[in-house]
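Here are the chains, one letter per residue:
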Amino acid sequence: MALLLVAGGTGAAGRATAREALGRGWQVRSLSRTLPAPTRVLDGVEYVRADVASGSGLAAALDGVEVVIDTLEARRGRALRGYPLAGRRLLDAARGSGVDRAVSVSIMACDQFPLRYYRSKVAKEQVYAAHALPTTVVRCGQFHDLLGSLFERGERFGFLPILPQARLQPIDLSDVARALVDAAEAPAGGFFLTAACGPEVRSMRSLAGAWRTATGSTARVVDLPVPGRAARVLAEGRNLMADAAFGTVTFEQWLARRAVARADPRG
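A. Fine view of the side chain of Thr-136. Take Thr-136: it is sitting in strand 6 (residues 135–140). For Thr-136, a relative accessible area of 10% corresponds to the buried category. In this structure, Thr-136 is in contact with Ala-102, Val-103, Ser-104, Tyr-128, Ala-183, Phe-192 and Thr-194, ignoring residues within four places of it in sequence.

Next up, the structure:
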């Protein structure tokens, strides 16, 4: 079996990707700065510690690896500032270790939004596009889990926050993982930019309504203001791509699975 490394393999997207790769017969190694708790370990995955930001442990983590899938994330502070450089460090180390190709997850329409977080995604995409190692970037729609976290946090304060102009193509992590492993298994050569979104285009208001129905929430749906350029992007649907309707799991199906998982006493 060929060896596939999931960088960020202990995160939500990384765990889903590791599980998908295992199911397809890959030997899977997970790279992260800290090892997961025993309850978070996936059977069949080898877990190693390494720090992409500093380069510590990368050579050992990449030893014998054929393909890298990068699901690493950075949201604020120094990690966000160094996010593109960390991507370059990972690719440089991968090429030096004889890796055949690398795949990275990104965000749909990240080049359309004038926010620092999205700019960091674009900068990392550019690192992948310019690198000598064959690479693919998969831009994905908003994860169901991300929307769920947003609604859950708001619900603690009695409201569900939405962007009134927003129509989204949310995607399940299992579908994200499928798209990433598909890219890892595709013929290598040059740089490819692809997209994977969910099966439905939904207004954020309808997604909040689905949350209320599924959870029994009585929280009010509250419109949040959207600044100028971002409002135009959403109003014009530039964050949507009908041809990228790759996912199969709807938001309601994700909510149903979430309810079953939370009811399971084994966690």
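Moving on from the model shown.
B. Representation of a positive patch on the surface in the model. Taken together, the side chains of Arg-78, Arg-81, Arg-116 and Arg-119 make up a positively charged region of the molecular surface. The set of elements that each furnish at least two residues to the positive patch consists of helix 3 (77–81) and helix 5 (116–130). With respect to the secondary-structure elements, Arg-119 resides in helix 5.

C. The side chain of Ser-32, seen in detail. The topology assignment puts Ser-32 in strand 2 (residues 27–32). Those residues in contact with Ser-32 that sit more than four places away from it in its chain are Thr-10, Val-48, Arg-49 and Ala-50.

D. Expanded view of the pairing of strand 5 (residues 101–107). Counted residue by residue, strand 5 has 7 buried out of 7 residues, so it is predominantly covered. Neither face of strand 5 is open: one carries Arg-101, Val-103, Val-105 and Ile-107, the other Ala-102, Ser-104 and Ser-106, and all of them are buried. As judged from the 4 bridges shared by strand 4 (residues 67–70) and strand 5, these two strands associate in the parallel manner. For Val-68, the partnering residue across the bridge sits in strand 5 and is Ala-102. Here strand 5 pairs with strand 6 via 6 bridges, running parallel. Across the sheet, residue Ser-104 finds its bridge partner in strand 6, namely Val-137.

E. Representation of the pattern of salt bridges. According to the stated counting rule, one finds 16 salt bridges in the structure shown. The partner of Arg-139 in a salt bridge is Glu-125, and the shortest N-O contact between them spans 2.8 Å. Of the two residues, Arg-139 sits in strand 6 while Glu-125 sits in helix 5, which places them 14 residues apart along the sequence. Residues Arg-139 and Glu-125 agree in their burial class; the two are buried. Note that Arg-202 is salt-bridged to Glu-200, the shortest N-O span being 3.1 Å. Residue classification places Arg-202 among the buried positions, given a relative accessible area of 13%. The structure contains a network of salt bridges with shared partners spanning Glu-20, Arg-24, Asp-182 and Glu-185.

Quick notes on the rules
- Residues numbered from 1 in each chain as written.
- Predicted model: local features only at pLDDT ≥ 70, side-chain atom pairs only at ≥ 80, totals over all residues.
- Heavy atoms only, no water.
- Helix = DSSP H or I, 4+ residues; strand = E, 2+ residues; numbered from the N terminus.
- Buried < 20%, exposed > 50% of the residue type's maximum accessible area, 1.4 Å probe, protein only.
- Contact = heavy atoms within 4.5 Å.
- Patch = residues over 30% accessible without salt bridge, like charges linked within 9 Å, V, L, I, M, F, W, Y side chains within 5 Å.
- Areas by Shrake-Rupley, 256 points an atom, 1.4 Å probe, with all protein chains shown as cover.
- Salt bridge = Lys/Arg side-chain N within 4 Å of Asp/Glu carboxyl O.
- Lys, Arg positive; Asp, Glu negative; His and termini not counted.
- Charge placed at Lys NZ, Arg CZ, Asp CG, Glu CD.
- Pairing = 2+ DSSP bridges.

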